[in-house]
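Chain residues, written in single-letter form:
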Amino acid sequence: MTNVLVCVKRVPDVSGEVALTADGQGIDTGQLGFTISDHEACAVELAVRIATDTGGTATVATVGPAEAVEQLRNALAIGCTAAVHVVADTAALGPADVARGLAEVAREQDLVLLGTDAADSGDFQVGIRLAHLLDRPVVNGLSTVEVQDGTVVARGDGPEGPETFRLPPPAVVTVMEGGVEPRYPSVPGRMKAKKVPIDERRPVAAPAGPNRVAYTLPPPVSSDVQILGEGAAAAPAVVDLFERIGVLSK
Amino acid sequence: MIIVYVETDESGATEMSREALTFARSLSEAGGGVPIDAFAAGELPDGLLAQLGEYGVRTLHHAVGDAVSAYGGGVWGAALQEARAAAGSVVVMASGTPRGNEVLAHVAARLDVPMAANVISFGGLAPFVVTRQVMGGSVLEEMRLDQRPAVFSVAGHAVEASPAATPTETTVAELKPEPAQTDLVARVASREAPPPDLSGALKTAKVVVGAGRGAGGPNGFDGVLELAELLDGTLGVSRVVTGAGWRPHHEQIGQTGSRISPDLYVACGISGAIQHWAGCSSAKTILAINTDAEAPMVTKAHYAVIGDMHEIVPAINEEIRRRRG
């Protein structure tokens, strides 16, 4: 029986252009939806599978604002069985603060899964800081995680090819997308998720902060693009170009 | 004093590690010429020492022994911290790769100091302010690193790798780390033979036809595959495509895929996120085909056609066949 904790972060769902707030301290989320990263979506899926396979529990946790309850409910809807919400203003936290916020929740668990990095802050360190706080082994960037005969078996792509790690629980694993397909919540799953009580907690320590001076947008690249046309009608102009630059052998 | 974790492959230090060493040199120069050390662990490729000398490295701290017989982020981190303490380094750097970030995070966690991932430049030295990529590179964050050591990784292609004007004679200082059990159990337990490098054709192709989200699904590649064939070229794809499992990873272009430098790159249905741009910006001519005239791929390209790749690409294929008779 393996009790798994999976940690997620509510982040703005940006696929297009990003705008900043006037003070440069945040992303203007007025027009944006919210989500969790693809890595975390895979981590939630893995947590649910491990809990199911071993007869354990899958608890989802987040450190974030009141609205992050949406991300907790989504994880509950696909099979997490409990949720812990450390209520805090994410913008005022650095990765070390998030790790501290999660540590007390994680202490009770056999296995902790996180994404390799959050989709917004891209810090690449919360899982490792958490493991150090708990004095537990940690492996990073794995795409599948299973528990076999009481051993955590995690696989992923290393720089020299596929790698396998085998470590004794309690342990921490950060997940990279690509190994599993996250499931979609069912309607009954969503109904059930609404009734699960959320364990609300407060951060234990004053935050050290993110050391952020300000966000900026990368300078726009000056565009010298030459538009050859619209739609299929542009095909002759395109092939003319191919001929001109000599890539079209006869 | 700066120490840089250097990742290696059979040819020596990886390109991104050489980029990190180049970044370290500009930081060293700004700081009045502080020495640069390197850290590496386990078996090292031939010629690494000479290469580090070309990049101005004073001392290579080389971790040896049973503990480093297999990779583990915690073990590497503990060893790097030991080397850093011995060298008295106040800056600890690596490249912004999965391992670079992992090893640095272990150092930062051990010392309870901040760490900045994927830095592209530095501003002032006092206070030490770095600029790093967040939100996948679409936003930059200026961050203060007040505590010492300052720990940060360098984003891929933030600087171009270039050797120092005058090479240095690099000395070696061996260390034999004895990490804690917690770190030892988190090492690679087994490794499979790497899959054959199928990306070779992509890296050397004269013409690359790329496809992204606009392909729409695993069956949306017929047109671009045909165009690639007509132009004697190769198919490349964006991360969205491999992430969704539509095409295999070895076809991926970008920061985490292949870097291409063809005569012509035709980017179909690719928005042109910064990670993708890092892999294709060396193409001599870039033609973007996209429904969105404001997509970064379109505005950065030399030429563009606005519209649906599924209409335009077959029309181009048809036109090529028509002209060939």
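Above: the structure in question.
Presented here is a report on the structure given in the accompanying data block. What you are looking at is a predicted structure, and each value in this text was computed from that prediction instead of being measured.

Description of the overall build of chain A
1) Next: For chain A, the helix and strand inventory stands at six helices and 14 strands.
2) Next: With the C-alpha coordinates aligned to their principal axes, the bounding extent of chain A is approximately 65 × 45 × 40 Å.
3) Next: In chain A, buried positions account for 54% of the 250 residues.
4) Next: A fraction of 72% describes how many contacts in chain A between residues 6 or more apart in sequence connect residues 24 or more apart.
5) Next: Of the accessible surface of chain A, which amounts to about 11,300 Å², a share of 52% is contributed by carbon and sulfur atoms.
6) Next: Charge separation in chain A, taken as the distance between the mean sites of 20 positive and 32 negative side-chain charges, equals 7 Å.

Quick word on the overall build of chain B
1) Next: On a plain count of helices and strands, chain B comes out with eleven helices and 17 strands.
2) Next: The C-alpha extent of chain B, read off along each of the three principal axes, is 70 × 45 × 35 Å.
3) Next: When burial is assessed residue by residue, chain B has 56% of its 325 residues classed as buried.
4) Next: The long-range fraction of contacts in chain B, counting pairs at least 24 apart against all pairs at least 6 apart in sequence, stands at 63%.

Concerning the pattern of salt bridges
Two side chains that carry opposite charge are able to pair once their charged atoms sit near each other.
1) Next: Under the definition given, this model contains 29 salt bridges over all chains.
2) Next: Between arginine 202 of chain A and glutamate 200 of chain A there is a salt bridge whose closest N-O contact spans 3.8 Å.
3) Next: Close ionic contact of arginine 321 of chain B with glutamate 318 of chain B constitutes a salt bridge, the shortest N to O distance being 3.0 Å. With arginine 321 of chain B and glutamate 318 of chain B both in helix 11 (residues 309–324) and three residues apart, the pair spans about one turn of that helix.
4) Next: For glutamate 318 of chain B, a relative accessible area of 44% puts it in the partly exposed group.
5) Next: Connected through shared salt-bridge partners, Asp240 and Glu243 of chain A together with Glu319, Arg322 and Arg323 of chain B make up one network.

A closer look at the layout of surface pockets
Residues and elements named next belong to chain B.
1) Next: The space that makes up the second largest pocket amounts to roughly 280 Å³.
2) Next: As for the second largest pocket, its lining consists of Ile120, Gln133, Leu140, Gly156, His157, Ala158, Gln255, Arg259, Ile274, Trp277, Ala278 and Ser281.
3) Next: Take the lining of the second largest pocket: its biggest share by element is three residues, from helix 9 (residues 274–280).

Topic: the packing of aromatic side chains
All names here are of chain B.
1) Next: For the structure on display, the rule yields six aromatic pairs over all chains.
2) Next: Pairing tyrosine 5 with phenylalanine 39 gives two aromatic rings, centres 6.1 Å apart and planes at 55°, and the pair type is tilted. With tyrosine 5 in strand 1 (residues 2–5) and phenylalanine 39 in strand 4 (residues 36–41), this residue pair connects regions lying 34 residues apart in the sequence.
3) Next: In this structure tyrosine 5 comes out as buried when scored by relative accessible area, which is 3%.
4) Next: Seen from their ring centres, tyrosine 71 and tryptophan 76 are 5.0 Å apart, and the 65° between their planes marks the pair as edge-to-face.
5) Next: By relative accessible area, which is 6% here, tyrosine 71 ends up buried.
6) Next: Looking at tryptophan 76, the relative accessible area reads 7%, which means it is buried.
7) Next: An aromatic cluster is defined as three or more aromatic residues linked by ring pairs; in this entry it consists of Phe23, Phe122, Phe128 and Phe152.
8) Next: Here the guanidinium or amino end of arginine 99 rests over the ring plane of tyrosine 71, the centre of that ring lying 3.5 Å away.

Some details on the interface of chain B and chain A
1) Next: At the interface, 67 residues of chain B touch 70 residues of chain A.
2) Next: Regarding the contact of chain B and chain A, the summed buried area is about 5,700 Å², with carbon and sulfur atoms giving 60% of it.
3) Next: When residues of chain B are sorted by the area they lose upon contact with chain A, Met135, Tyr303 and Arg323 of chain B head the list and together hold 12% of the total.
4) Next: Counting every contact that joins chain B to chain A gives eight salt bridges.
5) Next: Between arginine 191 of chain B and glutamate 163 of chain A there is a salt bridge, and its shortest N-O distance comes to 2.9 Å.
6) Next: Summed over the shared surface of chain B and chain A, the result is 28 residue pairs in polar contact (both at pLDDT 80 or more).

Notes on the sheet that holds strand 8 (residues 144–148) of chain A
1) Next: Spatially, 8(A)-9(A)-10(A)-12(B) is the arrangement adopted by the four strands of the open sheet, whose pairing is antiparallel. Of all the strands in the sheet, just strand 8 of chain A together with strand 12 (190–191) of chain B have a single pairing partner and so form its edges.
2) Next: Where strand 8 of chain A lies against strand 9 (residues 151–158) of chain A, five bridges are found, and the strand directions are antiparallel. Residue pairing for strand 9 of chain A: glutamate 146 of chain A is matched across the bridge by valine 153 of chain A.

Concerning the packing of helix 4 (residues 126–134) of chain A against helix 4 (residues 98–111) of chain B
1) Next: Where helix 4 of chain A contacts helix 4 of chain B, the two axes come as close as 9 Å, and the packing angle between them is 40°. One element, helix 4 of chain A, and the other, helix 4 of chain B, form an angle in the oblique class. As for the relative orientation of helix 4 of chain A and helix 4 of chain B, their crossing is right-handed in sense. On helix 4 of chain B, the residues touching Ile128, Arg129 and His132 of chain A of helix 4 of chain A are Glu102, Ala105, His106, Ala108, Ala109 and Arg110 of chain B.
2) Next: Within the contact of helix 4 of chain A with helix 4 of chain B, the residues separate by chemical class into four nonpolar, two polar and three charged.

Some thoughts on helix 3 (residues 73–87) of chain B
Residues and elements named next belong to chain B.
1) Next: Helix length check: helix 3, at 15 residues, gives a terminal C-alpha distance of 21 Å against a target of 21 Å (1.5 Å per residue), a fit within 8%.
2) Next: Within the sequence span of helix 3, burial applies to Gly73, Gly74, Val75, Trp76, Gly77, Ala78, Ala79, Leu80, Gln81, Ala83, Arg84 and Ala87.
3) Next: Just downstream of helix 3 lies glycine 88, where phi reads positive at about 70°.

A short note on the packing of helix 3 of chain B against helix 4 of chain B
A pair of packed helices is characterised by two quantities: the angle between their axes and the separation of those axes.
All names here are of chain B.
1) Next: Orientation of helix 3 relative to helix 4, taken along the N-to-C sense of each, is 60°, at an axis distance of 8 Å. In this structure, helix 3 crosses over helix 4, and the sense of that crossing is right-handed. Judged by residue contacts, Gly73, Gly74, Trp76, Gly77, Ala78, Leu80, Gln81 and Arg84 of helix 3 engage Glu102, Val103, Leu104, His106, Val107, Arg110 and Leu111 from helix 4.

Some points on the pairing of strand 6 (residues 91–95) of chain B
All names here are of chain B.
1) Next: With five of its five residues buried, strand 6 lies for the most part within the structure.
2) Next: With burial as the criterion, each face of strand 6 is covered, one bearing Val91, Met93 and Ser95 and the other bearing Val92 and Ala94.
3) Next: Examined bridge by bridge, strand 1 and strand 6 share three bridges and lie parallel to one another. Across the sheet, residue isoleucine 3 finds its bridge partner in strand 6, namely valine 92.

Concerning the pairing of strand 1 of chain B
Residues and elements named next belong to chain B.
1) Next: Residues Ile2 and Val4 line one face of strand 1 and the alternating positions Ile3 and Tyr5 line the opposite face, and both faces are buried.
2) Next: Summarising the sheet, strand 1 and strand 4 pair through four bridges and their orientation is parallel. The residue of strand 4 that forms the bridge with isoleucine 3 is aspartate 37.

Side note on helix 3 (residues 95–106) of chain A
1) Next: With twelve residues, helix 3 of chain A should cover 16 Å at 1.5 Å per step; its first-to-last C-alpha distance of 16 Å lies within 8% of that length.
2) Next: Considered for burial, the residues of helix 3 of chain A that qualify are Pro95, Ala96, Asp97, Val98, Ala99, Gly101, Leu102, Ala103, Val105 and Ala106 of chain A.

About the criteria used
Residues numbered from 1 in each chain as written. Chains lettered and ligands numbered in written order. Predicted model: local features only at pLDDT ≥ 70, side-chain atom pairs only at ≥ 80, totals over all residues. Heavy atoms only, no water. Helix = DSSP H or I, 4+ residues; strand = E, 2+ residues; numbered from the N terminus. Buried < 20%, exposed > 50% of the residue type's maximum accessible area, 1.4 Å probe, protein only. Contact = heavy atoms within 4.5 Å. Areas by Shrake-Rupley, 256 points an atom, 1.4 Å probe, with all protein chains shown as cover. Lys, Arg positive; Asp, Glu negative; His and termini not counted. Charge placed at Lys NZ, Arg CZ, Asp CG, Glu CD. Salt bridge = Lys/Arg side-chain N within 4 Å of Asp/Glu carboxyl O. 1 Å grid on protein atoms, 1.4 Å probe; cavity = no way out; pocket = protein on both sides within 12 Å on 5 of 7 lines; lining within 4 Å. Points joined across faces, edges and corners; volume = space filled by probe spheres on them. Phe/Tyr/Trp six-rings, centres within 6.5 Å; stacked < 30°, edge-to-face > 60°. Lys NZ or Arg CZ within 6 Å of the ring centre and 35° of its normal. Buried area = accessible area lost by both parts, 1.4 Å probe. Polar contact = N/O pair within 3.5 Å; in protein donor to acceptor, adjacent residues only side chain to side chain. Pairing = 2+ DSSP bridges. Axes fitted to C-alpha atoms, helices over the stretch in contact; angles between N-to-C directions. Parallel < 35°, antiparallel > 145°, perpendicular 65-115°, else oblique. Left-handed = near helix turned anticlockwise from the far one by under 90°. Nonpolar A, V, L, I, M, F, W, Y, C, P; charged D, E, K, R; others polar. Expected span 1.5 Å × (residues − 1).

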